[in-house]
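Each chain is listed here by its residues.
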Amino acid sequence: MKLIGKTLTELLSLIDKKQISEEETANYFLKRAIKYNRKLNVFINLRNKIKFQKKGVLKGIPIPFKDNFLTKDINTSAASNLLKDFIPPYNSTVVQRLLNNGSSILGKTNMDAWAHGSSTETSDFGPTKNPWDITRSPGGSSGGSAAAVSAYLSPIAIGSETAGSVRQPAAWCGIVGLKPTYGRVSRYGVIAMGSSLDCPGVLALSVKDSAIILSLIAGKDKYDATTSDISVPNYQYLIKSPKKYKIGIPEEYLKDTEKDIKNNILDAVKIYEKMGHKIVKIKLMSPKYSVSVYTIIQRAEVSSNLSRYDGLRYGKTRDFFGEEAKKRIMLGTFTLSQGYVDEYYKKAQKIRTLIIEDFNKAFKEVDLILAPTTPNTAMKLGESSKYSFFGELMDRLNEPSSVAGLPGISIPSGLDKKELPTSMQIIGRSFEEESILNLAYQFEQETNFFNLYEKQSKNYPD
Amino acid sequence: MKKRFKLDKNIITYLASLSNLTLNSKETPSLIKKLEETREFIENINQINTKKVTPTEHPGYLKNVIFNDGVKNERKLSEEQTFKNTKNKKGDYFITKKIL
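Residues numbered from 1 in each chain as written. Chains lettered and ligands numbered in written order. Predicted model: local features only at pLDDT ≥ 70, side-chain atom pairs only at ≥ 80, totals over all residues. Heavy atoms only, no water.

Caption draft 1: Structural view of the pattern of salt bridges. Residue and element names in this part refer to chain A. Evaluated as defined, the whole model comprises 22 salt bridges over all chains. Close ionic contact of Asp462 with Arg32 constitutes a salt bridge, the shortest N to O distance being 2.7 Å. One end of the pair, Asp462, is in the segment after helix 16 (452-459); the other, Arg32, is in helix 2 (residues 22-40), with 430 residues separating them in the sequence. With a relative accessible area of 43%, Asp462 lands in the partly exposed category. A relative accessible area of 3% means that Arg32 is categorised as buried. Of the charged contacts in the structure, one is a salt bridge between Lys316 and Asp85, with a shortest N-O distance of 3.5 Å. Of the two residues, Lys316 is situated in the loop between helix 10 (287-305) and helix 11 (323-336) and Asp85 in the loop between strand 2 (62-66) and helix 3 (93-100); the sequence distance between them amounts to 231 residues. (Salt bridge = Lys/Arg side-chain N within 4 Å of Asp/Glu carboxyl O. Helix = DSSP H or I, 4+ residues; strand = E, 2+ residues; numbered from the N terminus. Buried < 20%, exposed > 50% of the residue type's maximum accessible area, 1.4 Å probe, protein only.)

Caption draft 2: Molecular detail of the packing of helix 3 of chain A against helix 6 (residues 207-217) of chain A. Residues and elements named next belong to chain A. The N-to-C vectors of helix 3 and helix 6 enclose an angle of 105°; their axes lie 9 Å apart at closest approach. By the angle between their axes, helix 3 is roughly perpendicular relative to helix 6. Between helix 3, through Val94, Arg97 and Leu98, and helix 6, the contact on the second element is made entirely by Ile213, Leu216 and Ile217. (Axes fitted to C-alpha atoms, helices over the stretch in contact; angles between N-to-C directions. Parallel < 35°, antiparallel > 145°, perpendicular 65-115°, else oblique. Contact = heavy atoms within 4.5 Å.)

Caption draft 3: The arrangement of helix 6 of chain A in detail. The element helix 6 of chain A is extensively covered by neighbouring structure, given that ten of its eleven residues are classed as buried. Every buried residue of helix 6 of chain A is accounted for by Val207(A), Asp209(A), Ser210(A), Ala211(A), Ile212(A), Ile213(A), Leu214(A), Ser215(A), Leu216(A) and Ile217(A).

Caption draft 4: Spotlight on the confidence of the model for chain B. With 93% of its residues at a pLDDT of 70 or more, chain B shows a mean pLDDT of 88. Taken over the whole predicted complex, pTM reads 0.97, whereas the ipTM for its chain interfaces reads 0.93. (pLDDT = per-residue confidence, 0-100.)

Caption draft 5: Summary view of the pairing of strand 11 (residues 421-427) of chain A. Residue and element names in this part refer to chain A. Taking burial as the measure, the seven residues of strand 11 include seven buried ones, the bulk of the element. A two-sided burial pattern is seen for strand 11, the buried positions comprising Pro421, Ser423, Gln425 and Ile427 on one face and Thr422, Met424 and Ile426 on the other. With four bridges joining them, strand 9 (residues 368-372) and strand 11 adopt antiparallel strand pairing. Bridged to Leu370 within strand 11 is Ile426. Pairing of strand 10 (residues 408-415) with strand 11, which is carried by seven bridges, proceeds in the antiparallel orientation. Along strand 11, the bridge assignment pairs Gly408 with Ile427. What sits between strand 10 and strand 11 in their antiparallel hairpin is a turn of five residues, with Glu419 showing a positive phi close to 65°. (Pairing = 2+ DSSP bridges.)

Caption draft 6: The packing of aromatic side chains, seen in detail. Residues and elements named next belong to chain A. Inspection of the entire model under this criterion finds 18 aromatic pairs over all chains. Plain terms: the ring middles of Phe86 and Tyr314 are 5.2 Å apart, the flat faces sit at 40° to each other, and that makes the pair tilted. Here Tyr314 lies in the loop between helix 10 and helix 11 and Phe86 lies in the loop between strand 2 and helix 3, a separation of 228 residues in the sequence. Judged on exposure class, the residue Phe86 and its partner Tyr314 are both buried. Both rings, one in Tyr188 and one in Tyr223, keep their centres 4.8 Å apart while their planes meet at 50°; by these two values the pair is tilted. Separated by 35 residues along the polypeptide, Tyr188 in the loop between strand 5 (176-179) and strand 6 (199-204) and Tyr223 in the loop between helix 6 and helix 7 (235-238) bring together distant segments of the chain. Each member of the aromatic cluster is reached from another via a ring pair, and the members are Phe86, Trp114, Tyr309, Tyr314 and Phe321. Here Lys316 stacks its cationic end above the ring of Phe320, 5.2 Å away from the centre of that ring. (Phe/Tyr/Trp six-rings, centres within 6.5 Å; stacked < 30°, edge-to-face > 60°. Lys NZ or Arg CZ within 6 Å of the ring centre and 35° of its normal.)

Structure (structure tokens):
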């Protein structure tokens, strides 16, 4: 049976009906991962044998985990030479919950070192290539996980987002990227970057698959005090009843966005209108302020979080930090230092309040916000080094909602003239993931994401 | 407007020492340029009036969450696990640099 391009939902149903076995499925993805890893550099650590399980909801499906998720007895480096030999003594909560539900580990995916960046080029193990065009970046920092799904080395993968690191690579690789509300999914055992922003997320081929995974990983975790005890709904069930929404389009997000991305969104708006949704224009604070607020807060938290890497109890010495990490640690040290803390860090925290209030105001008027995920489609490898803070500029349309802790989902909206995927994101109120998933699912049902996956799977045959 | 200054070599060297980082002469000029460009950009926060605004530490709206490690002590690492990732040990001690 041909498995290529099948979603997680379809694979689980085939296993259920005994048309394929857990073992066949696990080996199928391992074979594809080995075959295409050399070309794409997706994995930092690819298992040579999969310990697949025959239990649980996930029936042994092997999952690629971003290399900043701790995996017991399996090297976890955050793509930095400093942690190259680090073997975690425990699993992160996300990994543990998925294993408890019957998944297995396919490997650890490449990323920007310490998740600092939006291209995977700051990885100490070489950049990942975009499966749509291997001369281009897959985006980042969860670039390996996004490329794994895009080239169908797995129907789903786990990534993490501080601001854009799930949505932006999903956009550049033409797949679905779900960033839940801050506190919806546990950060326990995820190598910390910006602790008031970090959030595990899901990369997937389909909206329903991301809903399934979210249902399994979301919820209170006693090991992460910032997780919420708001109950976790059955997302995959809720999306089956399409709801009508009032959708806001923020004009500020369409400025400086490539023409093809803008046109594809305007086409999507027409599709939504035809389905009976109400579309209105809204005004939000310019993303340029969120770029600054995010840069200040994240660098400050980075300088604090990365101070633990002193080479004593684990890891190598601080000389093994790359340029990007050094830059971030030093800027954070600066904005937190005496004499500047009020001017930068405290001021940024205050504007963070204003950004949250700005969204609250918008959500009084509309149910959901629809905007481009990124200002441009995938860039050539090497371009990122021309920018002083490339990641922040590439993620400028994700930073406002991340700073506010809101959930967002990036879904494909078509192709541009270079035949690269374009995307759009749906942003919702805190802890209303079911709404963003519902609206995204309706678009998928209507368009099948313009058959992008069918096109892509021809480029990556079995 | 407050004092105008630049992140120059002296400040960068000082920040590196505060951060316990060693910079090599090759990377310093590029770091100075990039950090100063970033600092210049983030100055746009001064365009926004925040006089009566309270700061946000995190967007979770949670208060006083406490965790009782409990009698089970389920997260306790064995001695072997604790020392597995270090080369700096003597018996059951970690070796650190002399501080005083």
